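Next come the chains, spelled out residue by residue.
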Amino acid sequence: MNRQPAAVALRALRQTLVGPDTSPARPLLARWPRLARYAAPAGLLAALGLFWITLAIESEWGLPTPVAVLFAAMTVAPLLALPRRPLLAWRLTVLALLVCTFNAPAEQPGPWTAPLALGSIAVVAVVVARVDRPVLAWVVAITSVPVLTLVRPADRAAVLALLGVLAIVGDLIRRNRLSRRELAAQTELSEREQERRAVLEERTRIARELHDVVAHHMSLIAVQAETAPYRLTGVPAPAAAEFVAIAASARDALTDMRRLLGVLRSESSDPQTAPQPDLADLGAMVDAARRAGLPVTLDTGPLDEQQVPAPVGLAAYRIVQEGLANAARHAVGAAVRVTVRAERSTLAVRVQNAPPDDAGVRTGAEAVPGHGLTGMRERATSLGGTFTAGPLPDGGYAVAAQLPYDTEGGNP
């Protein structure tokens, strides 16, 4: 059970000492592009100034000039690597802390110059905020080695406490940065999901309108072509065969459209309230059905079209349209009665057809379940209403919907 933590610790140690610098490649001043523009020249000037200051301090402490130049260069090198290679900068810092030691004057708090001590603190503060926790633990442990071996005993506790505070604060900063990145990623994922849902809803709307409009007219075309030889006298045989071919093509188109709708439809959609046909267009639709050979009777009663909201009028129109299309497909020649009654706060819609004759009962493509009843039910329920459909005791069929609306506000 201890092999896995030990393996993680060994991998972290290798990463800390000789592994590639996997800390974020984003520059430290990436948030401030204008400031980052001047960071390189300003950093070089600061490094040059720090080099001369360190060289002057070490010369005062009596170091030979070549050694002082080497120590000053080792002091500045970690700061030059820090913006883009934090872990490399820390390695150079530990090396400088181990090498750049000498007998400092008694008034100095440690064996290092002030530029090296302050630069080391800056490097450690950046590194602990940019590496993961296992590497962080090794960074703190290895940095403690020169502190425990070279710092005077009276000052060790303060330096170690400072190192611990830097480690804790750096880990908190790193976790906060990771949390913000995850939140940004989740936000982007949520936006993509919303876009996907919007696409699905639009596909549902297209599928519904396609079925309500195209299927209705295609059904009427098929019925009109099939009944033309019986309604018209003296139709030649070639013309009658042409009518049959037209009807067959219309039925095939309806079948293909149902397959397409199976791809386009999604599970749910919001109510559609775009300006569309309403109750005022019922008469024109019924007249078109009569011209196609469908015996339809329209009973609207007293209707105040201004009182019924547009979404309710659209839903009623589409329900009647689909009901007529179903009657034309499944009960050819049967009488159809359309009833639309406006009550105080409810619009009642009913499409009922009589039993079809034996010659009017159809099989084949018409027996395939379509999307008409589903669309009618969705329209009714989206407005808070009810929808029922089913056969009648006499052999006919009826669909009925109750569409509520607010008589005060005018909205369903």
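Residues numbered from 1 in each chain as written. Predicted model: local features only at pLDDT ≥ 70, side-chain atom pairs only at ≥ 80, totals over all residues. Heavy atoms only, no water.

Q: Teacher, can you tell me more about the environment of alanine 342 here?
A: Residue placement: alanine 342 occurs in strand β2 (residues 336-342). By relative accessible area, which is 28% here, alanine 342 ends up partly exposed. For the pair formed by alanine 342 and glutamine 307, sequence separation is 35 residues and the distance between their alpha carbons is 9.3 Å. With near-sequence residues (within four places) excluded, alanine 342 lies in contact with Pro302, Leu303, Leu347 and Tyr405. (Helix = DSSP H or I, 4+ residues; strand = E, 2+ residues; numbered from the N terminus. Buried < 20%, exposed > 50% of the residue type's maximum accessible area, 1.4 Å probe, protein only. Contact = heavy atoms within 4.5 Å.)

Q: Hey, could you run me through the nonpolar core in this one?
A: Of all hydrophobic cores here, the largest spans 32 residues; its most connected members are Val320, Leu324, Leu347 and Leu403. Elements with a minimum of two residues in this core: α10 (282-291), α11 (310-330), β2, β3 (346-353), α12 (372-382) and β5 (397-404). No other element matches the nine residues that α11 contributes to this core. Ignoring any residue separated from it by four or fewer positions in sequence, one finds leucine 324 in contact with His216, Met285, Ala289, Leu294, Val296, Val336, Val338 and Val351. (Core = buried A, V, L, I, M, F, W, Y, C linked by side-chain atoms within 4.5 Å.)

Q: How do you make sense of the pattern of salt bridges when you look at a structure like this?
A: Side chains bearing opposite charge may pair, as long as their charged atoms lie close to each other. Here the structure, examined in full by the defined rule, presents eight salt bridges. The closest approach of N and O atoms between glutamate 193 and arginine 196, which form a salt bridge, is 3.1 Å. Here the residue glutamate 193 and the residue arginine 196 both occupy positions in helix α8 (residues 153-231), the gap between them amounting to three residues, near one helical turn. Exposure remark for glutamate 193: the relative accessible area of 37% places this residue in the partly exposed category. Two residues, aspartate 299 and arginine 341, come together in a salt bridge whose shortest N-O distance is 2.6 Å. Of the two residues, aspartate 299 sits in strand β1 (residues 296-299) while arginine 341 sits in strand β2, which places them 42 residues apart along the sequence. Judged by relative accessible area, aspartate 299 falls into the buried class, the value being 17%. If you follow the salt bridges from partner to partner, you end up with Arg133, Asp171 and Arg174 in one network. (Salt bridge = Lys/Arg side-chain N within 4 Å of Asp/Glu carboxyl O.)

Q: Help me out: how do you make sense of the sheet that holds β1 in this one?
A: To summarise the sheet geometry, strands pair through backbone hydrogen bonds and adopt either a parallel or an antiparallel arrangement. On the basis of which strands lie adjacent, the open sheet formed by five strands has the order β1-β2-β3-β5-β4 and mixed pairing. Of all strands in the sheet, those bounded by a partner on one side alone are β1 and β4 (386-391). Within this sheet the neighbouring strands show an average axis-to-axis angle of 10°, counted without direction. As defined by bridge partners, β1 adjoins β2 across four bridges and the pair is classed as parallel. Within β2, the position partnered with leucine 298 by the bridge is valine 338. Of the strands in this sheet, β1 and β2 touch α10, which is tilted by about 165° from β1. Running over the sheet, α12 touches β4 and β5 and is turned about 150° from β4. (Pairing = 2+ DSSP bridges. Axes fitted to C-alpha atoms, helices over the stretch in contact; angles between N-to-C directions.)

Q: Please clarify how the packing of aromatic side chains should be interpreted in this entry.
A: Each aromatic ring pair is specified by the distance between its two centres and by the angle formed by the two planes. Across all of its chains, the model carries one aromatic pair by this definition. Ring centres of phenylalanine 51 and tryptophan 52 lie 5.7 Å apart, and the angle between their planes is 80°; this geometry places the pair in the edge-to-face category. (Phe/Tyr/Trp six-rings, centres within 6.5 Å; stacked < 30°, edge-to-face > 60°.)

Q: Can you walk me through the side chain of threonine 227 in this structure?
A: When you line up the elements, threonine 227 lands in helix α8. At 2.8 Å, the side chain of threonine 227 forms a polar contact with the backbone oxygen of valine 223. (Polar contact = N/O pair within 3.5 Å; in protein donor to acceptor, adjacent residues only side chain to side chain.)

Q: What am I meant to see in the confidence of the model for the protein here?
A: Any residue range with low pLDDT should be treated as having predicted coordinates unsuitable for detailed reading. For the protein, per-residue confidence averages 78 on the pLDDT scale, and 80% of positions sit at 70 or higher. Segment residues 266-275 is flagged for pLDDT under 50; beyond a separation of four residues in sequence, or across chains, it makes 13 contacts in the model. Across residues 359-369 the pLDDT falls below 50, and counting only partners more than four positions away or on other chains, this stretch makes 15 contacts in the model. (pLDDT = per-residue confidence, 0-100.)

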